[in-house]
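One-letter residues, chain by chain:
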Amino acid sequence: MNLPKDLEQAIVLYLYDELSGQEKQEFETHIEFNQASRRKLDEFRKLHGVLGNRALLTPSEQTLVGARANLRDRLRDERKAAMKENWFDGLRSAVAITGRGMQLATGFALLLAGLVVGRWTATGSELASYETRIAGQRGLPAISDVGSVQYDPASGLVTVQYQTVDEVSLSGSVDDASIRHVLSYAIRSETHPGRRLAAVKATAGGSFADDELEQALVKAMEDDEIDGVRLKAAKVLKALPISRNIKRAFIRVLFKDPNPAIRIEALDALSQVQEQDVVPILRNAAKDDDNEFVRLQASRTLERTENPEVVER
Amino acid sequence: MNSDERAIIQEAQRGNIVAFESLVKKYDRQVMQIAASMVNNAHDAEDIYQEVFVRVHRNLRRFQFRSEFSTWLYRVVVNYCINFQKKRRRNRAFSLDSDFDQESMGWQLTIADAEKTPEQSMLNQELSNEIDAALDQLSSQQKLVFVLRHYHGFKLKDIAAMMGCSLGTIKNYLFRATQKMQSQLRDHSHA
């Protein structure tokens, strides 16, 4: 039996979850009482099952790397061709509009320009290794990759290298907003775990109030795949004033982090909070944590939180 | 679009090739997969990839942040795929077939619901060929909508934005495509 077109279309959209809430409700009511529609729905469901047997072509990482290299070559050739065209067009039009005297003058001017360009490029080697120092400036170009992060605990000096158009080297303390921006990026997005760890370490000891960096550290503490990075991020956050956001992150870590050392850092941090809503969480950890040492620490922390005077004595 | 992506696009618009390459790296797997599932041929998919990104590079300055960058990029992909399909249909008699060894080019053939026995695997391959043949019976637009929704999971409103059509038109393409697919694969879907 043929169904009206609108109804068949509704069946297809229902299967693809493309009906609005009300449409979906109406359709489900209709289908409950209409056998022909139910049969059609079953047919389309079977079709979906059959379509799952289509073999899909998936490129390997190697294929993509090769395709990117080809694209890079092609774009480079295009740029070269465009530059050559512009240069010849410019030169041709400059020479064509003049008489013989002007042509000589143009030639002389070009010679002079060549000398100036030569002089300029002679000092170009300095450009290749230049070091940009930016103090307190936030308008940085988009970062594409962080090269290295170095931190000298003695002087508190942080040096980060990252790529935009050129490699940029930036030195300053973590109090510097530009340094913090690059560190936040490295903590969040750097693929090399050593650099993420170095970036987290570089933030230690800073007395900054920076939302972007705080969020990056919270994300590192909760989600980084490397235990060392999560642990270091927990230590850094513990030393900061515990905001509501940080407190919540520590609670989540206490509940879900598989590493007991990181859970203990979370306990320590929560013990500083001295708020009553933390008590049931500590009680839960003291009772249910699967690590004996964490349970013990939680009991002690709980005792300190519930009876601060007793512990002080 | 987050602020980092916006900044990267602006850098790429100013001619920063590193920024452009980071955009390529972010989206190229999806671009390649869409192309592959449309043309079902690794070699053609790689050609489409190159042409699409060269066009995006040439026209990037025209992107004015009125839509998501991904929508704009996929619009270039779908337009190119539709034209490619039309051209291929016209030149079918002269085109190379797709029987060369795609796996040796670094591509994998994956079947989501595949069974593991060799017999089942052979049957799956036959069925997969039949599905491809049925897809080839659809118009370019119907095929594109069907492939993007069924195999790539794009929502219809996003497909409408990519193809520059109304949502109603896209719904109609999906419906017609499903009807035709059912008719082509009747022996299987009624079993």
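You'll find the structure just up there.
Residues numbered from 1 in each chain as written. Chains lettered and ligands numbered in written order. Predicted model: local features only at pLDDT ≥ 70, side-chain atom pairs only at ≥ 80, totals over all residues. Heavy atoms only, no water.

J.: Lay out the overall build of chain A with the relevant residues and their values.
T.: When helices and strands are tallied, chain A shows 15 helices and 4 strands. Across the 313 residues in chain A, those meeting the buried criterion constitute 41%. A separation of at least 24 residues holds for 53% of the contacts in chain A among residues at least 6 apart in sequence. By element, 53% of the accessible surface of chain A is carried by carbon and sulfur atoms, the whole surface being about 17,900 Å². (Helix = DSSP H or I, 4+ residues; strand = E, 2+ residues; numbered from the N terminus. Buried < 20%, exposed > 50% of the residue type's maximum accessible area, 1.4 Å probe, protein only. Contact = heavy atoms within 4.5 Å. Areas by Shrake-Rupley, 256 points an atom, 1.4 Å probe, with all protein chains shown as cover.)

J.: I'd love a proper account of the overall build of chain B, names of residues and values included.
T.: When you go through chain B residue by residue, the secondary structure sums to 9 helices and 1 strand. Secondary structure of chain B in N-to-C order comes out as α-α-α-α-β-α-α-α-α-α. Counting only residues that meet the buried cut, chain B has 47% of its 191 residues in that class. If you take every contact in chain B between residues at least 6 apart in sequence, the share linking residues at least 24 apart comes to 67%.

J.: Explain the nonpolar core residue by residue, including any values.
T.: Within the largest apolar cluster, 83 residues are counted, with the highest numbers of intra-cluster contacts made by Phe69(B), Phe146(B) and Met181(B). Looking at this core, the element that brings in the most residues is helix H2 (residues 17–39) of chain B, giving 12 residues. (Core = buried A, V, L, I, M, F, W, Y, C linked by side-chain atoms within 4.5 Å.)

J.: Tell me about the pattern of salt bridges, residues and numbers included.
T.: Residues and elements named next belong to chain A. According to the stated counting rule, one finds 33 salt bridges over all chains in the structure shown. The salt bridge involving Arg263 is made with Asp290; its shortest N-O contact spans 3.2 Å. Of the two residues, Arg263 is situated in helix H12 (residues 260–273) and Asp290 in the loop between helix H13 (279–288) and helix H14 (292–306); the sequence distance between them amounts to 27 residues. Judged by its relative accessible area of 69%, Asp290 falls in the exposed class. Members of the salt-bridge network, linked through shared partners, are Lys219, Glu222, Asp223, Arg252 and Lys256. (Salt bridge = Lys/Arg side-chain N within 4 Å of Asp/Glu carboxyl O.)

J.: How would you summarise a nonpolar patch on the surface if you had to cite specific residues and measurements?
T.: Residues and elements named next belong to chain A. On the surface, Phe108, Leu111, Leu112 and Leu115 cluster together into a nonpolar patch covering about 440 Å² of accessible area. Mapped onto the fold, Leu115 is located in helix H5 (residues 100–122). Judged by relative accessible area, Leu115 falls into the exposed class, the value being 56%. (Patch = residues over 30% accessible without salt bridge, like charges linked within 9 Å, V, L, I, M, F, W, Y side chains within 5 Å.)

J.: Any chance you could break down the interface of chain A and chain B for me, citing the residues and the numbers?
T.: Taken residue by residue, the interface counts 46 residues in chain A and 66 residues in chain B. Taken together, the two surfaces of chain A and chain B that pack against each other cover about 5,300 Å², and 57% of this comes from carbon and sulfur. Taken as a group, Tyr16(A), Arg54(A) and Leu57(A) account for 16% of the area that chain A buries against chain B, more than any other trio of residues on that side. Counting across the chain A and chain B interface gives 19 residue pairs in polar contact (both at pLDDT 80 or more). Every element with two or more residues in the side of chain A that touches chain B is listed here: helix H1 (5–15), helix H3 (35–51), strand S1 (55–59), helix H4 (61–96) and helix H7 (177–189) of chain A. Across the side of chain A that touches chain B, the residue classes tally to 20 nonpolar, 11 polar and 15 charged. (Buried area = accessible area lost by both parts, 1.4 Å probe. Polar contact = N/O pair within 3.5 Å; in protein donor to acceptor, adjacent residues only side chain to side chain. Nonpolar A, V, L, I, M, F, W, Y, C, P; charged D, E, K, R; others polar.)

J.: So what about the packing of H1(A) against helix H2 (residues 21–33) of chain A? Which residues, and what values?
T.: Helices that pack against each other are described as a pair by the angle of their axes relative to one another and the distance between those axes. Residue and element names in this part refer to chain A. Two elements in contact, H1 and H2, have axes separated by 11 Å at closest approach and are oriented at 115°. Put simply, H1 runs roughly perpendicular to H2. Crossing angle aside, the handedness with which H1 passes H2 is left-handed. On H2, the residues that touch Leu7, Ala10, Ile11 and Tyr14 of H1 are Lys24, Phe27, Glu28 and His30. Considering only residue class, the contact of H1 with H2 consists of 5 nonpolar, 1 polar and 2 charged. (Axes fitted to C-alpha atoms, helices over the stretch in contact; angles between N-to-C directions. Parallel < 35°, antiparallel > 145°, perpendicular 65-115°, else oblique. Left-handed = near helix turned anticlockwise from the far one by under 90°.)

J.: Which residues make up the packing of aromatic side chains, and what values do they have?
T.: Ring pairs (aromatic) are described by centroid distance and by the angle formed between their planes. All names here are of chain B. One pass over the full model with this rule turns up 10 aromatic pairs over all chains. Aromatic side chains Tyr27 and Phe69 sit 5.6 Å apart centroid to centroid with 55° between the ring planes, which places their arrangement in the tilted category. Of the two residues, Tyr27 sits in helix H2 while Phe69 sits in helix H4 (residues 69–90), which places them 42 residues apart along the sequence. In this structure, Tyr27 and Phe69 share a single accessibility class: buried. When the ring of Tyr49 is compared with that of Phe53, the centres are 5.0 Å apart and the planes differ by 70°; the resulting orientation is edge-to-face. Of this pair, Tyr49 and Phe53 both sit in helix H3 (residues 42–59), 4 residues apart, which is roughly one turn of that helix. Here the two residues Tyr49 and Phe53 agree in accessibility, since each one is buried. Every member of this aromatic cluster is reached through a ring pair, and the members are Tyr27, Phe63, Phe65, Phe69, Trp72, Tyr74 and Phe154. (Phe/Tyr/Trp six-rings, centres within 6.5 Å; stacked < 30°, edge-to-face > 60°.)

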